[in-house]
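For reference, the chains in residue letters:
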Amino acid sequence: MEFDTVIHGGTIVTPTESWQGDLGLVGGRIAALAERLPGGARRIDATGRLVLPGGIEAHAHIAQESSSGLMSADDYYTGSVSAAFGGNSSFIPFAAQHRGQSVDAVIETYDSRAAPNSVLDYSYHLIISDPTEKVLTEELPRAFARGITSFKVFMTYDLMNLGDRGMLDILTVARRHGALTMVHAENNDMVKWMNARLAAAGLAAPKYHAISRPALAEAEAINRAIALARLVGAGLFIVHVSTPEGADLVARAQACGLPIHAETCPQYLAFTRADLDRPGMEGAKYICSPPLRDTATQAALWSHARRGTFESVSSDHAPYRFDASGKFANGAEPAYPAIANGLPGIAMRLPYLFSEGVAAGRISLQQFAALSSSNAARLFGMERKGALLPGYDADIAIWNPEETREVTLADQHDAMDYTPFEGMRLTGWPEHVLSRGETVVEAGELKAARGRGRFVARAPYRPDPNAPVEPELDPALNFGAEIRP
Ligand code: DUC
Ligand code: ZN
Ligand code: ZN
Ligand code: ZN
C-alpha cells in the first residue's frame, strides 16, 4: 500500500493496549497499523512519543450568546485553534436556542459562524430553552436528521429552566429519535433562595457564588433528572458534575444498568472555592456554575473518573475576559450573580488531564484516550473518530510525555486575557496534531487554514437495548418504537 503519511516509532495507544509501531495514513484515514511500515510520501518521527487519538472536546461555548446576550470571547477560529494547541482534533460546541428563536434559524446562524472559521471538524449540541410544540415535533427531528443528535437543557436559570414537564417532553422526543439529552442539573429554587438571602445580608463578593449554589442543589437535580429520564426510558448525559454526591447518584444509576452518562471538568479537579476568595475581584476569574468545591471533592471526582462513572472530562470552555467585554459587562465591581459564569480552558483540558491523570499515576493511557476522545465519539455519534483503528479518520495527537513546562497565557492561543491554569507545572504536552491526516499544529505553530474544518453529521444515540424501562408506562405511551424493539 502507498501511504501519504507514515507516523513511525511511536507508542500507539489503542482502546485496549499501547505498543510501539507505525501508523500508515491514506486519504485522511488510518489505513494500517504495524510494527514497521515502509514508504510514505511524508514520514513523521514519533520516537519517544505517544500517538493518541486526537481529543474530542465535547463541551465548549464558542461564538455563543448567553441567555443575557453576552457573547463568548472565542469565535470558531480562536476557539478551534486553541483546542488544536491543546491536543484536540475535533470539537462539539453548543448552538443555543434562546426563547422565541427557531431551531432552524439557530443552526443556520452557527453554520455561518463555524464553517468559514473552524480549523477543526465540528458539530454542535443544541441548547433548547423553548421547547414549543413546533420545536418538539418539527424542528428537533429536522436537526436530528441532519446529524445534530444531542442537545443540552437546563434545570436552572429562569431564562433557561424547562421545568420537569418540559424535561419529560424533551426526553421523550430524544428517545424517539435517537438523540442524547445533556442536562445542567442544579435546583433553580434552592439557588434563588440562597441568592435572595445572601443579597438581603449584603453578601455580594465572588466567594458567595459558591455558597449560593450548594452541593445539594446539584445532587437533588441530578437525582430528579435521572428519575425523569428513567420514567420515559431515555438516556441522559449529565454535564459538568462537580460533587461526590452527584457522581455517586450517577454511579448508582449506572450500576442498575440505566443509560446515564456524565462528565466532569478539569476546573473541579484543579481549583477550589478558595480561589473565589482571591484579593480584589480576582475571584471573578473562578466563577463558574456549578461552582468550584473543595479538595475532598477533587479526590472523589478523580476516583469517579478512574472508575468510569465519568465517561468524559470536558473543558466547559466558557471564555469571558477579565474586562468590560466579559466578566465585568455589568459593571466594575458587580455582585457575584451579575458576573459572567465560566472559565476558559479548552487548551488546558488535555494537558491537565494528562499531567495530573496519566503522569501522576491516577489513570492509565487507555483511560486517558477514553476520557479525552473515544467515549465522546461513541456517545455523540462521531463514528469515524475517537480511536486509532483502520478506517477511522486520521485524527491524531502526538504527545511528548516527558516534557514539563509551566502554563502561560500565550500557550492558550485563545481570545482570553487570563488563564486560571497560569503558572501550573504540567508534564506531558501535545506536539503535533493531525486532523484527517493534515497537520493542524506542529512544534508550537499553527499549520491549518481557517475554515478547513468540516461539519460532522453524527449518528443517532442508541441506548443499550437491555437498559431497563419502567414497564407499566411504556405500552400506554407508545414511545420509542423506532429505537427499541
Ligand atoms: N453552564 C455551562 O455549561 N457552562 C457555563 C455556565 C453554565 O451554567
Ligand atoms: Zn451548564
Ligand atoms: Zn458549559
Ligand atoms: Zn504561539
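Residues numbered from 1 in each chain as written. Chains lettered and ligands numbered in written order. Predicted model: local features only at pLDDT ≥ 70, side-chain atom pairs only at ≥ 80, totals over all residues. Heavy atoms only, no water.

In the annotation of an unreviewed UniProt entry, the protein chain is listed under the name D-hydantoinase and assigned to Cereibacter azotoformans. UniProt lists a comment for the protein chain under the heading Cofactor (unreviewed entry), and it reads "Zn(2+)". The Sequence similarities (unreviewed entry) comment attached to the protein chain in UniProt states, word for word, "Belongs to the metallo-dependent hydrolases superfamily. Hydantoinase/dihydropyrimidinase family." (UniProt positions renumbered as here; feature names shortened; annotations may be inferred.)

1. A closer look at the overall build of the protein chain
A tally of regular secondary structure across the protein chain gives 13 helices and 18 strands. The C-alpha atoms of the protein chain give a radius of gyration of 22 Å, which matches the 23 Å a tight globule of 485 residues would have. The C-alpha extent of the protein chain, read off along each of the three principal axes, is 70 × 60 × 40 Å. Residues classed as buried in the protein chain amount to 59% of the 485 residues present. Partitioning the intrachain contacts of the protein chain with sequence separation of at least 6 by distance along the chain shows that 76% fall at a separation of at least 24. Distance from the positive charge centre (44 side chains) to the negative charge centre (56 side chains) of the protein chain: 1 Å. (Helix = DSSP H or I, 4+ residues; strand = E, 2+ residues; numbered from the N terminus. Rg over C-alpha atoms; globule rule 2.2 N^0.38 Å. Buried < 20%, exposed > 50% of the residue type's maximum accessible area, 1.4 Å probe, protein only. Contact = heavy atoms within 4.5 Å. Lys, Arg positive; Asp, Glu negative; His and termini not counted. Charge placed at Lys NZ, Arg CZ, Asp CG, Glu CD.)

2. Some thoughts on the packing of aromatic side chains
Counting across every chain of the model gives 18 aromatic pairs. Their ring planes at 65 degrees and their centres at 6.1 Å tell us that Tyr122 and Phe455 sit as a pair that is edge-to-face. With Tyr122 in strand 8 (residues 121–122) and Phe455 in the loop between strand 18 (445–446) and helix 13 (474–477), the pair connects residues that are 333 residues apart, well separated along the chain. Given the relative accessible area of 3%, Tyr122 is considered buried. (Phe/Tyr/Trp six-rings, centres within 6.5 Å; stacked < 30°, edge-to-face > 60°.)

3. Topic: the coordination of the zinc ion (ligand 3)
For the zinc ion (ligand 3), the protein coordination sphere consists of His59 (NE2), His61 (NE2) and Asp316 (OD), at 1.9 to 2.0 Å. In primary sequence terms, the donor set of the zinc ion (ligand 3) follows H-x1-H-x254-D. (Donors = N, O, S within 2.8 Å, 3.2 Å for Na, K, Ca; no water.)

4. With respect to the UniProt feature "domain: Amidohydrolase-related" (unreviewed entry) in the protein chain
Within this numbering scheme, the UniProt entry marks residues 50–440 as carrying the feature "domain: Amidohydrolase-related" (unreviewed entry). Summarising residues 50–440: 36% helix, 18% strand, and an end-to-end C-alpha distance of 17 Å.

5. Quick notes on the coordination of the zinc ion (ligand 2)
Put simply, the ideal angle at a metal is 109.5 degrees for four donors in tetrahedral geometry and 90 or 180 degrees for six donors in octahedral geometry. Here the zinc ion (ligand 2) is held by the protein donor atoms Lys152 (NZ), His184 (ND1) and His240 (NE2), which lie 2.1 to 2.3 Å from it. Read in sequence order, the donor residues coordinating the zinc ion (ligand 2) give the pattern K-x31-H-x55-H. Between the zinc ion (ligand 2) and the zinc ion (ligand 3) the interatomic distance amounts to 4.3 Å. Taken as a pair, His184 in strand 11 (residues 180–184) and His240 in the loop between strand 12 (236–238) and helix 8 (244–255) lie far apart in primary sequence, 56 residues in all. For the pair His184 and His240, a shared accessibility class is recorded, and that class is buried.

6. Re the UniProt feature "modified residue: N6-carboxylysine" (unreviewed entry) in the protein chain
When the UniProt feature table is mapped onto this chain numbering, "modified residue: N6-carboxylysine" (unreviewed entry) sits at Lys152. Counting through the fold element by element, Lys152 comes out in strand 10 (residues 150–154). With residues near it in sequence (within four places) discarded, Lys152 still touches His59, His61, Phe94, Leu126, Ile127, Ile128, Met182, His184, Val239 and His240.

7. Things to note about the pattern of salt bridges
A full pass over the atoms with the stated rule returns 25 salt bridges. Among the salt bridges present, the one from Glu431 reaches Arg49, with a minimum N-O distance of 2.6 Å. Here Glu431, found in strand 16 (residues 425–435), pairs with Arg49, found in the loop between strand 4 (42–45) and strand 5 (50–53); they are 382 residues apart in sequence, far enough to count as distant. We classify Arg49 as partly exposed; its relative accessible area is 25%. Put simply, Arg29, Asp121, Arg384, Lys385, Asp393, Asp395 and Arg436 are held in one network by salt bridges that share partners. (Salt bridge = Lys/Arg side-chain N within 4 Å of Asp/Glu carboxyl O.)

8. Quick notes on the pairing of strand 2 (residues 18–26)
Here strand 1 (residues 5–13) pairs with strand 2 via 7 bridges, running antiparallel. Looking across to strand 2, one finds that Val6 is bridged to Gly24. Hairpin connection between strand 1 and strand 2: a loop of 4 residues separates the two successive antiparallel strands. Here strand 2 pairs with strand 3 (residues 29–34) via 5 bridges, running antiparallel. Across the sheet, residue Gly24 finds its bridge partner in strand 3, namely Ala32. In this antiparallel pair of consecutive strands, strand 2 and strand 3, the connection spans 2 residues, and Gly27 shows a positive phi of 55 degrees. (Pairing = 2+ DSSP bridges.)

9. Considering the environment of Ala227
Structurally, Ala227 can be placed in helix 7 (residues 215–231). Residues Ala227 and Ile363 lie 136 residues apart in sequence; the distance between their C-alpha atoms is 31 Å.

10. Overview of the site of ligand 1
In the vicinity of ligand 1, the residues found are His59, His61, Lys152, Tyr157, His184, His240, Ser289, Asp316 and Asn341. The side chain of Lys152 places a nitrogen or oxygen atom 2.6 Å from an oxygen atom of ligand 1. Side-chain polar atom of His184 to a nitrogen atom of ligand 1: 3.3 Å apart, as the coordinates give it. Alone, ligand 1 offers 230 Å² of accessible surface; in the complex the protein occludes 93% of this. For the shell around ligand 1, the residue count by class is 1 nonpolar, 6 polar and 2 charged. (Near = heavy atom within 4 Å. Polar contact = N/O pair within 3.5 Å; in protein donor to acceptor, adjacent residues only side chain to side chain. Areas by Shrake-Rupley, 256 points an atom, 1.4 Å probe, with all protein chains shown as cover. Nonpolar A, V, L, I, M, F, W, Y, C, P; charged D, E, K, R; others polar.)

11. Overview of the packing of helix 7 against helix 8
Between two packed helices, the angle of one axis relative to the other and the distance separating the axes together describe the packing. Between helix 7 and helix 8, the least distance of the axes is 8 Å, while the angle of their chain directions is 20 degrees. With respect to helix 8, the element helix 7 is oriented roughly parallel. In this structure, helix 7 crosses over helix 8, and the sense of that crossing is right-handed. Listed contacts from helix 8 to Ala215, Glu218, Ala219, Ile222, Asn223 and Ile226 of helix 7 are Glu245, Gly246, Leu249, Val250 and Ala253. Considering only residue class, the contact of helix 7 with helix 8 consists of 7 nonpolar, 2 polar and 2 charged. (Axes fitted to C-alpha atoms, helices over the stretch in contact; angles between N-to-C directions. Parallel < 35°, antiparallel > 145°, perpendicular 65-115°, else oblique. Left-handed = near helix turned anticlockwise from the far one by under 90°.)

12. Regarding helix 11 (residues 349–359)
Most of helix 11 sits out of view: 9 of its 11 residues are buried. All of the buried residues in helix 11 are Arg349, Leu350, Pro351, Tyr352, Leu353, Phe354, Ser355, Gly357 and Val358. Positive phi shows up at Gly361, right after helix 11, with a value of about 80 degrees.

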